[in-house]
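What the coordinates show
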Amino acid sequence: QVQLVESGGGLVQAGGSLRLSCAASGRTSSSSAMGWFRQGPGKEREFAAAISWRTGNTYYGDSVKGRFAISKDNAKNTVYLQMYSLKPEDTAVYYCALSTNNWGSYYVAGRYNYWGQGTQVTVSS
C-alpha cells in the first residue's frame, strides 16, 4: 500500500511561481513512475507532468511545457512540481499519482494506481 500527500498549493498572482510537493510513504520500492494531473472547474482531468522513478526522465503536457519542471528526491521519496509563469488557466486541483506498473503511457491516468487527495492552486489575474 502506498500513501501520497500533496502540499504547496495556494493563491498566487498571474506570472508568479509555486512549488508543489508530493511525499510518498508505505511500500514505495516498486514505484515506476510518478506524475501530476490537474482538474480545473468544469474541465476534464489533464496530464501535467511525470517522471520515471528509475531513470529520472521527465514528460510534460503541451499546456505546461516550458513553464513547469518536475523533479524528485529519492532519499525523501518526494516528487516536486515547480511552476513558473502561472496563468489563470492553471487554476485547478493538482493531484499526485504513482504507478507501480512498468507498462503504459506516462501521459495517461490509467497507468497510475495510487493517487493523493489533491491540492488547490488558484491563479488570479
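Just above, that's the structure.
All of the points below concern the structure found in this document. (Residues numbered from 1 in each chain as written. Predicted model: local features only at pLDDT ≥ 70, side-chain atom pairs only at ≥ 80, totals over all residues. Heavy atoms only, no water.)

Here's the deal with the side chain of Ser31
Put simply, the rule is: Numbering of helices and strands runs from the N terminus; a helix is a DSSP stretch of H or I covering at least four residues, while a strand is a stretch of E covering at least two. Here a polar contact means two N or O atoms within 3.5 Å. Within protein one must be a hydrogen donor candidate and the other an acceptor candidate, and residues neighboring in sequence count only if both atoms are side-chain atoms. The contact criterion used is simple: two residues touch if any of their non-hydrogen atoms lie within 4.5 Å.
Within the secondary structure, Ser31 sits in the loop between strand E3 (18-26) and strand E4 (33-39). From its side chain, Ser31 meets the backbone oxygen of Thr28 in a polar contact 2.8 Å long. Discounting residues that sit within four places of it in the chain, Ser31 has contacts with Trp53, Leu98 and Ser99.

Focus on the pattern of salt bridges
Pairing of side chains with opposite charge becomes possible as their charged atoms draw close. Convention followed: Salt bridge criterion: a side-chain nitrogen from Lys or Arg within 4 Å of a carboxyl oxygen from Asp or Glu. Burial status follows relative accessibility: with a 1.4 Å probe on protein chains alone, a residue under 20% of its type maximum counts as buried, one over 50% as exposed, and anything between as partly exposed.
Per the stated rule, a full pass over the model turns up four salt bridges. Between Asp62 and Lys65 there is a salt bridge whose closest N-O contact spans 3.7 Å. Classification of Lys65 by relative accessible area gives exposed; the value is 52%. For Asp90, the salt bridge goes to Arg67, with nearest N and O atoms at 2.8 Å. With Asp90 in the loop between strand E8 (78-83) and strand E9 (92-99) and Arg67 in the loop between strand E6 (58-60) and strand E7 (68-73), the pair connects residues that are 23 residues apart, well separated along the chain. Arg67 shares its class with Asp90; the two are buried.

A short note on the nonpolar core
Here is the rule: Side-chain atoms within 4.5 Å link the members of a nonpolar core, which is a set of buried Ala, Val, Leu, Ile, Met, Phe, Trp, Tyr and Cys residues.
Formed by 27 residues in total, the largest nonpolar core has its most connected members in Leu4, Met34, Trp36, Ile70, Leu81, Met83 and Tyr94. Elements with a contribution of two residues or more to this core: strand E1 (2-7), E3, E4, strand E5 (46-52), E7, E8, E9 and strand E11 (119-124). Listed in part, the nine residues of the second largest apolar core include Phe47, Ala50, Ala109 and Tyr112.

Observations concerning the packing of aromatic side chains
Stated formally: Within 6.5 Å between ring centres, the rings of Phe, Tyr and Trp (the latter by its six-membered ring) count as paired, and their orientation is classed by plane angle as stacked under 30 degrees, edge-to-face over 60, tilted in between.
Overall, the coordinates contain seven aromatic pairs when judged by the stated rule. Centroid distance Phe37 to Trp115: 5.3 Å. Interplanar angle 55 degrees. Geometry classified as tilted. Here Trp115 lies in strand E10 (residues 114-115) and Phe37 lies in strand E4, a separation of 78 residues in the sequence. Overall, the relative accessible area of 30% leaves Trp115 in the partly exposed class. Ring geometry for Tyr59 and Tyr106: centres 4.1 Å apart, planes at 15 degrees, overall stacked.

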